[in-house]
Amino acid sequence: YQGKVNNYWKELKYKSFEQFLKDLPIRRTVAYRDILVYKRFAADFKIPKEELYGVNLSRLEVIANKIKKEEAGDWIKKARELSNVEYRLSAKNLK
């Protein structure tokens, strides 16, 4: 997230963020998922990034733009503890 927002890729002489991503050992979709989750939970909600360690970020991606700051802690806990089916059912009920 910080690298994209602060244009660190320019300092590394890349012509675009997309070009920079091509040289990383992760898929583009994974990079954008991680950026979304970091932006929403760490930057917007002010949750320490350490609280996100070990959490399935794909789960948080699903609910990132559907919850309020006050709900973030509960959803991080659910992402850690619930089974895939239980989590999907909980997330499906969000509007």
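Thresholds applied
- Residues numbered from 1 in each chain as written.
- Predicted model: local features only at pLDDT ≥ 70, side-chain atom pairs only at ≥ 80, totals over all residues.
- Heavy atoms only, no water.
- Helix = DSSP H or I, 4+ residues; strand = E, 2+ residues; numbered from the N terminus.
- Polar contact = N/O pair within 3.5 Å; in protein donor to acceptor, adjacent residues only side chain to side chain.
- Contact = heavy atoms within 4.5 Å.
- Buried < 20%, exposed > 50% of the residue type's maximum accessible area, 1.4 Å probe, protein only.
- Arc of directions from axis to C-beta.

J.: How would you summarise the side chain of R33 if you had to cite specific residues and measurements?
T.: Relative to the assigned elements, R33 resides in helix α4 (residues 28-44). At 2.7 Å, the side chain of R33 and the side chain of D34 are in polar contact. Ignoring anything within four residues of it in the chain, the contact list for R33 reads L57, S58 and E61.

J.: Describe helix α6 (residues 72-81), and please don't skip the residues or the numbers.
T.: Those residues of α6 lying buried are A72, W75, I76 and A79. End-on, the buried residues of α6 take up no more than an arc of 105°, which puts them together on one face. With respect to the buried face of α6, the exposed residues turned more than 90 degrees away are D74 and E81. Packed against the buried residues of α6 are α4, α5 (57-63) and α7 (84-92).

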